[in-house]
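# Coordinate analysis (summary)
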Amino acid sequence: MRLLAENPELTQRELAEALGISLGATNYCLRALIDKGLVKAENFRKSHRKRAYLYTLTPSGIAEKLRVTRAFLARKQAEYVAIEREIEQLRQELQEEGRP
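Scoring rules and cut-offs
- As a convention, each chain's residues are numbered from 1 in the sequence order in which they are written.
- Selection of residues for local features in this predicted model requires a pLDDT of at least 70, selection of side-chain atom pairs for listing and counting requires 80 or more, and totals for whole chains, interfaces and linings are taken over all residues.
- As a rule here, side-chain values come from all non-hydrogen atoms in the structure, and water together with hydrogens is ignored.
- Segments assigned H or I by DSSP are reported as helices when at least four residues long, segments assigned E as strands when at least two residues long, and all are numbered from the N terminus.
- With the radius of gyration taken over C-alpha atoms, the globule rule is written as 2.2 Å times the number of residues to the power 0.38.
- For the exposure calls, accessible area comes from a 1.4 Å probe over protein chains only, and a residue counts as buried if that area is under 20% of its type's maximum, exposed if over 50%, partly exposed in between.
- Contacts are assigned to residue pairs that have any heavy atoms within 4.5 Å of one another.
- Values of accessible area rely on a 1.4 Å probe in the Shrake-Rupley scheme; residue burial ignores everything except the protein chains shown.
- Charged-residue counts in this description rest on Lys and Arg as positive and Asp and Glu as negative, His and the chain ends being excluded.
- To locate a charge, take atom NZ for lysine, CZ for arginine, CG for aspartate or CD for glutamate.
- Geometry is summarised by axes, namely lines fitted to C-alpha atoms with helices restricted to the contacting stretch, and by angles between N-to-C directions that run from 0 to 180 degrees.
- Oblique is the label for any angle not under 35 degrees, not over 145, and not in the 65 to 115 range, which are roughly parallel, roughly antiparallel and roughly perpendicular in turn.
- Three classes are used: nonpolar for Ala, Val, Leu, Ile, Met, Phe, Trp, Tyr, Cys and Pro, charged for Asp, Glu, Lys and Arg, and polar for all others, with Gly counted as polar.

For the protein, an unreviewed UniProt entry supplies the name MarR family transcriptional regulator and the organism Thioalkalivibrio paradoxus ARh 1.

### Focus on the overall build of the protein
Within the protein, the regular secondary structure consists of four helices and two strands. Secondary structure elements in the protein, listed N-terminal to C-terminal, are α-α-α-β-β-α. Since a compact globule built from 100 residues should have a radius of gyration of about 13 Å, the 22 Å found for the protein marks it as more spread out than a globular shape. Along the three orthogonal principal directions, the C-alpha set of the protein runs to about 75 × 25 × 20 Å. For the protein, the proportion of its 100 residues judged to be buried stands at 14%. In the protein, 35% of the contacts between residues at least 6 apart in sequence involve partners at least 24 apart. Entry remark: accessible area of the protein is about 8000 Å², with carbon and sulfur atoms responsible for 54%. Averaged over its 18 positive side-chain charges, the protein has a centre that lies 14 Å from the centre of its 14 negative ones.

### Some details on the packing of helix α2 (residues 12–19) against helix α3 (residues 23–35)
Direction vectors running N to C along α2 and α3 enclose 105 degrees, while the axes themselves pass 9 Å from each other. Taken together, the axes of α2 and α3 are roughly perpendicular relative to one another. Two secondary-structure elements touch here, α2 through Q12, R13, L15 and A16 and α3 through L23, T26, N27 and L30. Split into classes, the residues belonging to the contact of α2 with α3 amount to four nonpolar, three polar and one charged.

Below, the structure is given as structure tokens:
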């Protein structure tokens, strides 16, 4: 969704390449996002740029992108805190054994 928000003019082929997935998988995911009302595909076949569609996030898509981003950030912050605790615990164990 971030790629589409930043580059609505990407073709499905360009999107597939950027994501490292097949064109068929990209089409499947785009259709699902469109069906859920998160992305709108506007037909621009008559455009001089020769792009068939312009993919834009709907207001619901923007809200979902924010929700997913917040959840991702919260998960990563929790992982960071857990790793900090583990590192501190390992340092204490080494100090107790008389090692720096």
